[in-house]
Structure formats: structure tokens, C-alpha cells
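Listed below, chain by chain, are the residues.
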Amino acid sequence: MGVLNMTPDSFSDGGSYFVNGKPDCATALKHAELMQSEGAAWIDVGGESTRPGSEPISVQQELDRVIPVVEQLVQNVNCKVSIDTSSPEVMLEAANVGAALVNDVRALKRSGALQAVAKTGLKVCLMHMRGEPKTMQHKPQYGSVVDEVKTFFEQRLLACEKAGIGQEKIILDPGFGFGKTLQHNLQLLNQLGGLAVRNCPLLIGVSRKSMIGQLLNKPVDQRVYGGVALAAIAVMKGIAFVRTHDVAATVDAIKIAAALRDIEQA
Ligand code: 9MG
């Protein structure tokens, strides 16, 4: 899953698809076509930054940033389109113009979000986040991060079931870097195989994140190899989807990891 952030302030690609301070569909489309040619099966379009410390934006701002782009991608790119949002209004509009998945870092906890996904029948990725982006990295604490994420998944699956969202529609994501220290992220990575709940596939997003910076002491623009290594390890541990800014390198690595994972034992 390739990342396309229609934001001026995301930590890695913020402002990349803005021209004269405005979101630009043509630049976004070009980058999506590149990611498709590099092997992306999905493009994840987001309009609100969720980096630590980021400020929320209005629903109208979010709609203006993402809906024209989702529409263009659905019509012109041979990838499925995912909408990265927590706002029910954006979910409904994105579904209207052809999005196939809702990627929600708040796991459909915002008022009306469960109902919006149930109404559209879209697939959904439910991500674990402790707190909100503005404050989530202020000393996050857990008894056992693995147990707490798993319990969270079970609770959100129950909420989805009650809202009429079928289990076959659901992907789960432990939310690397969302209210977690480096130790928490490493514990989750180590125990990825044990996080699966009710056979739902797992997705991870690690590319260019601060855990790579902390481990390698490298700035955002030098974290590709670290992200590729994490993606390969995650695939070896059974992950089904990888969300990444670095599609070409990640696709190569995960093909090799998947071949090794799936080899029949003699
Ligand atoms: C929007 N976004 C940023 N990081 C992410 C991650 O790790 N997973 C998912 N599902 N979405 C993310």
C-alpha cells in the first residue's frame, strides 16, 4: 500500500503534492502512477496529518484535499484506493467516488464512523492508537503493550459486529509509533504473529518512522533501508499488508520475505 499524503505538514511527504499552497491533483496522480508501476496494489490517500504533535483540521478542509484526488485515482490508476480518515463525512464521500477501503487510525471511534462504514460496505483497517496525535507521544505507558493492543482489537471487532460490519471486511493494525515508545514498538514487532484476532489480516506502517531514526540515528530522508528491513521481518511474521512511502524497495523485499515464509518444508 503506497502512501499519498495530501497534507502540507506530514512528517515525510508533507507538501509534496501542493502547488502554490493548494493540493494539486495532477502531481498526486503522477506519484500514484509511479507507485503503481513500482508494484503498489493500494494507494492510501490522506488529508490530515497524524504525525506526533499535529493539529486537527476541519471536515471541509479534509474533503477539499482528498475527494478530487480519490476520484482521479479511481478513474486513472490501476490500484485500489484507500481513504485515510476518521471523519464519517469523508468516508461517505470517498465511497461515493469509488474508494474501496477506509484506513482509520482511530478505529471507527469517532461518532458516526461505524455507521458510515456499515452503510458503505467498504473494507476497513482498524488501527490502535493510544491518545490523539497531538499528545500521544507524551510518555505512553502500558502494562503489556501486546496484550492491550490485542484486547483493543477484540473490543473494536465487537463494536463493528454490533454495527453490522462483517469480520471479512476488517484488517487490523497495531499502530507503530502511535502512542508507543521504541520499546513498545519492538515488543509489538517481536510478537506480531500473536496479535492476530479472529483470523483478520494484519497491516503495518513503519516506513520512515521515528523508531527507525532511534535505532539507526538517521534523519527521515535516510530511513528507507531501515523501513525495508522492518517490512521484510513483518512479512516473515505473517503480516498481509505493508503501508509504505517507499514502494519499489519495499515490494522487492516483501516478495523475497513472502517466498521464504511460504516455502513448503521438506
Ligand atoms: C495514516 N497512517 C500513518 N501511519 C499509519 C500506520 O502505521 N498504519 C495505518 N493504518 N495508517 C497509518
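Up top you'll find the structure we're talking about.
Residues numbered from 1 in each chain as written. Predicted model: local features only at pLDDT ≥ 70, side-chain atom pairs only at ≥ 80, totals over all residues. Heavy atoms only, no water.

Asks: For this particular structure, what's the right way to read the overall build of the chain?
Replies: For the chain, the count of helices and strands is 9 helices and 10 strands. For the chain, whose C-alpha radius of gyration is 17 Å, the value lies close to the compact-globule estimate of 18 Å for 266 residues. Its C-alpha atoms give the chain principal-axis dimensions of roughly 50 × 45 × 40 Å. Burial analysis of the chain (266 residues in total) assigns 50% to the buried set. (Helix = DSSP H or I, 4+ residues; strand = E, 2+ residues; numbered from the N terminus. Rg over C-alpha atoms; globule rule 2.2 N^0.38 Å. Buried < 20%, exposed > 50% of the residue type's maximum accessible area, 1.4 Å probe, protein only.)

Asks: Whenever I open this one, unusual backbone geometry confuses me. Can you help?
Replies: Peptide bonds are trans in most cases, and residues, glycine excluded, mostly fall at negative phi. Phi angles above zero are rare outside glycine, and Arg-198 is one such case at about 45°. Unusually for a residue other than glycine, Arg-208 sits at a positive phi of about 65°.

Asks: Help me understand the nonpolar core, please; the structure alone is not making it clear to me.
Replies: Ranked by internal contacts, the top residues of the largest apolar core, which has 73 residues, are Leu-4, Ile-43, Val-45, Leu-73, Leu-108, Ile-170 and Leu-172. Among the elements that line this core, the one with the most residues is helix α5 (residues 145–163), at 8 residues. Setting aside its immediate chain neighbours within four residues, Leu-108 contacts Met-91, Ala-113, Leu-114, Val-117, Val-124, Leu-126, Arg-156, Cys-160 and Ile-165. Ranked by size, the runner-up nonpolar core spans 6 residues in total, among them Met-1, Trp-42, Leu-101 and Cys-125. (Core = buried A, V, L, I, M, F, W, Y, C linked by side-chain atoms within 4.5 Å. Contact = heavy atoms within 4.5 Å.)

Asks: For this particular structure, what's the right way to read the packing of aromatic side chains?
Replies: Ring pairs (aromatic) are described by centroid distance and by the angle formed between their planes. Summed over all chains, the structure comprises 1 aromatic pair. When the ring of Phe-152 is compared with that of Phe-153, the centres are 6.4 Å apart and the planes differ by 55°; the resulting orientation is tilted. Here the two residues Phe-152 and Phe-153 agree in accessibility, since each one is buried. Taking NZ or CZ as reference, Arg-130 lies 4.0 Å from the ring centre of Tyr-142, over its face. (Phe/Tyr/Trp six-rings, centres within 6.5 Å; stacked < 30°, edge-to-face > 60°. Lys NZ or Arg CZ within 6 Å of the ring centre and 35° of its normal.)

Asks: Sorry if this is basic, but what is going on with the pairing of strand β8 (residues 170–173) here?
Replies: Successive residues of a regular strand alternate their side chains across the two faces of the sheet. The alternating pattern of β8 places Ile-170 and Leu-172 on one face and Ile-171 and Asp-173 on the opposite face, and all of these are buried. Looking at chain direction, strand β7 (residues 123–127) and β8 are connected through 4 bridges and run parallel. Across the sheet, residue Val-124 finds its bridge partner in β8, namely Ile-170. Handedness of the β-α-β unit built from β7, α5 and β8 comes out right-handed. (Pairing = 2+ DSSP bridges. Right-handed = clockwise from strand over helix to strand, strands pointing away.)

Asks: Before we go on, may I ask you to explain the site of the ligand in this structure?
Replies: For the ligand, the full set of nearby residues is Thr-50, Asp-84, Asn-103, Val-105, Cys-125, Met-127, Asp-173, Phe-178, Leu-203, Gly-205, Lys-209 and Arg-243. Measuring from an oxygen atom of the ligand, one finds a backbone N or O atom of Gly-205 at 3.1 Å. In the model, a nitrogen atom of the ligand is placed 3.4 Å from a nitrogen or oxygen of the Arg-243 side chain. Protein contacts shield 95% of the accessible area of the ligand, which totals 300 Å² for the unbound molecule. Sorting the residues of the shell around the ligand by element identifies β7 and β9 (203–205) as the ones contributing at least two each. Counted by class, the shell around the ligand contains 5 nonpolar, 3 polar and 4 charged residues. (Near = heavy atom within 4 Å. Polar contact = N/O pair within 3.5 Å; in protein donor to acceptor, adjacent residues only side chain to side chain. Areas by Shrake-Rupley, 256 points an atom, 1.4 Å probe, with all protein chains shown as cover. Nonpolar A, V, L, I, M, F, W, Y, C, P; charged D, E, K, R; others polar.)

Asks: Help me understand the sheet that holds strand β4 (residues 42–46) in this model?
Replies: Pairing between the strands of a sheet is mediated by backbone hydrogen bonds and can be parallel or antiparallel. Strand order in the open sheet formed by 6 strands is β1-β4-β5-β6-β7-β8, with parallel pairing between adjacent strands. The open sheet terminates on both sides in strands that have one partner only, identified here as β1 (2–5) and β8. Strand-to-strand twist of the sheet, defined as the mean angle between neighbouring strand axes without regard to direction, takes the value 25°. Of the strand pairs in this sheet, strand β5 (residues 80–84) and strand β6 (residues 101–104) are connected by 3 bridges, and their pairing is parallel. Looking across to β6, one finds that Ser-82 is bridged to Leu-101. Contacting β7 and β8, α5 runs over the sheet at an angle of about 155° to β8. (Axes fitted to C-alpha atoms, helices over the stretch in contact; angles between N-to-C directions.)

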